[in-house]
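Report on the structure
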There are 2 protein chains.
Amino acid sequence: MIIENISHSRIDKIDFNDISFGNHYSDHMFYCKFENGKWKNPIIKPFGDITVSPLSLVFHYGQAIFEGMKAYKDKYGNVFLFRPLENFNRLNSSAKRLEMPLISKSLFRDGLKKLLSIDKKWIPNNYGQSLYIRPFLIASDGKLSANPSKKYIFMIICTTASNYYLTPLKVKIEQKYSRSADGGIGFTKAAGNYASSFYPTRIAQEEGYDQILWTDSSTHSFIEESGTMNVFFYIKNNLITAPANKKILNGITRKSIITIAKKEGIKVKECNFSVSELIYNLRKNLVKEIFGCGTAVVVNHFKKIGYKFKNYYLPNISNKKRISFFLKKNLLDIQHNVINDPFGWRFKV
Amino acid sequence: MIIENISHSRIDKIDFNDISFGNHYSDHMFYCKFENGKWKNPIIKPFGDITVSPLSLVFHYGQAIFEGMKAYKDKYGNVFLFRPLENFNRLNSSAKRLEMPLISKSLFRDGLKKLLSIDKKWIPNNYGQSLYIRPFLIASDGKLSANPSKKYIFMIICTTASNYYLTPLKVKIEQKYSRSADGGIGFTKAAGNYASSFYPTRIAQEEGYDQILWTDSSTHSFIEESGTMNVFFYIKNNLITAPANKKILNGITRKSIITIAKKEGIKVKECNFSVSELIYNLRKNLVKEIFGCGTAVVVNHFKKIGYKFKNYYLPNISNKKRISFFLKKNLLDIQHNVINDPFGWRFKV
Ligand SMILES: Cc1ncc(COP(=O)(O)O)c(C=O)c1O
Ligand SMILES: Cc1ncc(COP(=O)(O)O)c(C=O)c1O
């Protein structure tokens, strides 16, 4: 691997007490090209613009996928990734569905490790802060016919991350637009899945919500996920969440929350959960909490659910009593090496 | 508008008797940036690479849309566009759904006209050949949070075009994968709609087909469209095609074919057409023709339909007797200024 170091780090300009998601990018980036059937010439170079053909298939036919993962520090400055193999596998399952070349484990691991070692000082020290890592794969060449590209670029860039949302969320149950379809690509982290959500999300925002709770595209009667989060419902001592089928993103945070909850003796139900059942329980005040979770978001609870022009408010309980806070703390404690890691999720870099 | 001319045209290298779609790109391209809420500094410059940020939202969240249109010459060398206003309107309706800035009519028209006048010699003289024009709009900046980009690039590039397909098509009725959903973005020319089709299309190709005939994502029992074509069925003197709802691309060729057919006294039905009805008619040998149409494809008939591991063959009639050839010739005659244009579709450049 070739390493091109920056001449002067931008890190002095950062106040780590005042970082917000996506505002600062680390000094370097990993870059690798796929040509003639092979990944070649991996390089780490200063973060900056790239040069591509206007024919790049990513522009015309949308071959673009990504991952989102985080690096954490413990109080001794040791660096950990959280379940990186899960991201690696999901990247390749996205690649497969979008007819893109797979990434080898060594390319992924070596690129990531090297980049993190060079930009180590960009990983915040504070508990709850982290370096968000964005591996992404784009089709970089092609011709104007709708066939898979022959050339690709795989890159990794990093941004300092703190809280993604600063407050509890107001979420609208979507009844018109949809995020994905049976037989579609909802389970992948394809770039195209996100652009289609912007317009319905703006409409929801104009109606006073922060995010959308997606429902199935055929009937809008079953709950799927929300924005960049999987969603959990805590009802009568059951933690309920939609099954990770082909229509929703199989979140690594979701998986981890389920595992932690089960270990703590909390009953978890992965099942098709209908909007009407949710509304029934909201009306009866039986829903104790609703929260979303994801790598960027971590865990964030909802305070309001909107459905057909009616709003349902979640109980305003103290954080100490929240199952979402309990699970979030457990997760962060594992990620920051504060407690034991009984599941083998931490990966020391 | 700034014009940067190439120093030496690449056109001498082209044999116009031997062009295939997407193999040659004209000397220049149109380029314009959207920043601070405004389109600014439109420029025509030599066709070539562009420089973008790795954060460009098109890479991560898929804000990318395009159009496909063609410029034709008549035998006197006059240049015509075909229904360009339709492309303009569709581009903006795609932009709206993907929360991207609209393009003004003057920007679109002036960019297009100027580019075509500079690269006029790239428009082939031959009947049936044309210059395919690709306007596209991509999100060029952003930050790693899933929100619409604030910066965009609008470009127009051109490629010489002849036949897209050289033979009749073998098409598989898809029963597992899907292209779009109710409440989704199937009606837009969003880049993301195409990447998701590559994998199912490859599977179909491995089974001996060229393309997929998409069906509705909820039940796979109603016919939608195919690859980059809308599809028509000629059954018992009726020309049947799926309605242009929110799930399929509202093709300009489709519209034009319908208008021409009606004028020629052919009965046209835009209706939900079920797979079972199609198969019934195929079994009874009542389907005279099936064909796809689109700007790139023009009109191309199908010879085989695959459904649940069975193949149905369309009658092998001479081109002279084909309604698809009749309609195609009518369309091309209008496009190349061979016959009158009763509909006002030709736009002289
Ligand atoms: C649509 C969607 N759902 C859920 C998630 C959560 O997945 P993960 O926990 O793996 O970050 C994400 C990613 O952050 C996402 O983009
Ligand atoms: C999915 C799809 N359907 C149909 C068509 C045909 O549309 P048009 O006739 O406007 O080119 C296209 C574009 O070529 C397309 O991409």
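Think of each chain on its own: its residues are numbered from 1, step by step along the sequence as written. Just so you know, chain letters begin at A and ligand numbers begin at 1, following the order they were written in. Given that the model is predicted, a residue must reach a pLDDT of at least 70 before its local features are reported, and side-chain atom pairs must reach 80 or more before they are shown or counted; all residues, however, enter totals for whole chains, interfaces and linings. Remark: hydrogens and water are excluded; side-chain values derive from all non-hydrogen atoms of the structure.

1. What about the overall build of chain A?
- Comment: elements are numbered from the N terminus, with helices defined as DSSP H or I runs of at least four residues and strands as E runs of at least two. Scanning chain A for helices and strands turns up 7 helices and 19 strands.
- Each of the three principal axes of chain A carries a C-alpha extent, and together these read 60 × 55 × 35 Å.
- The proportion of buried residues among the 349 residues of chain A is 62%.
- Whether two residues are in contact is decided by their heavy atoms: any pair within 4.5 Å suffices. In chain A, the share of contacts with a sequence separation of at least 24, taken over all contacts with a separation of at least 6, comes to 70%.
- As displayed, chain A has an accessible area near 14000 Å², and 48% of this comes from carbon and sulfur atoms.
- For the purpose of counting charges, residues Lys and Arg are taken to be positive, whereas Asp and Glu are taken to be negative. His and the chain ends are not included. Charged side chains are reduced to one point each, which is NZ for Lys, CZ for Arg, CG for Asp and CD for Glu. Side chains of chain A give 52 positive and 28 negative charges; the mean places of these two sets differ by 4 Å. In this scheme, a residue with accessible area under 20% of its type's maximum is buried, one over 50% is exposed, and one in between is partly exposed, where area comes from a 1.4 Å probe on protein chains only. Using a 1.4 Å probe, the Shrake-Rupley method yields the accessible areas, and only the shown protein chains count as cover for residues.

2. Describing the UniProt feature "modified residue: N6-(pyridoxal phosphate)lysine" (unreviewed entry) in chain A
Residues and elements named next belong to chain A.
- UniProt positions are given in the numbering used here, feature names are shortened, and annotations may be inferred rather than shown by experiment. Under the UniProt annotation, "modified residue: N6-(pyridoxal phosphate)lysine" (unreviewed entry) lies at Lys189.
- Position of Lys189 relative to the elements: it lies in the loop between strand 10 (169-173) and helix 4 (192-206).
- The buried category is assigned to Lys189, whose relative accessible area is 10%.
- In this view, Lys189 contacts Ala64, Ile65, Phe66, Glu67, Gly68, Arg90, Ser94, Tyr194 and Leu249; residues no more than four positions away in its chain are not counted.

3. Comments concerning the site of ligand 2
All names here are of chain B.
- Near ligand 2, the surroundings consist of 16 residues, among which Tyr194, Glu225, Ile252, Thr253 and Thr295 are the closest.
- Identification of polar contacts relies on pairs of N or O atoms within 3.5 Å, with a donor-acceptor requirement for protein atoms, meaning one able to donate a hydrogen and the other able to accept it, and with residues adjacent in sequence counted only if both atoms are side-chain atoms. For ligand 2, an oxygen atom lies 2.8 Å from a polar atom in the side chain of Arg90.
- One of the side-chain nitrogen or oxygen atoms of Thr295 is found 2.6 Å away from an oxygen atom of ligand 2.
- The fraction of the free accessible surface of ligand 2 (390 Å²) that becomes covered by protein chains is 97%.
- Within the residue set of the shell around ligand 2, elements represented by two or more residues are helix 5 (252-263) and strand 16 (287-294).
- Residue composition of the shell around ligand 2, grouped by class: 5 nonpolar, 7 polar and 4 charged. When we say a residue is near a molecule or strand, we mean one of its heavy atoms is within 4 Å of it. Each residue gets one of three labels, nonpolar for Ala, Val, Leu, Ile, Met, Phe, Trp, Tyr, Cys and Pro, charged for Asp, Glu, Lys and Arg, and polar for the others, Gly among them.

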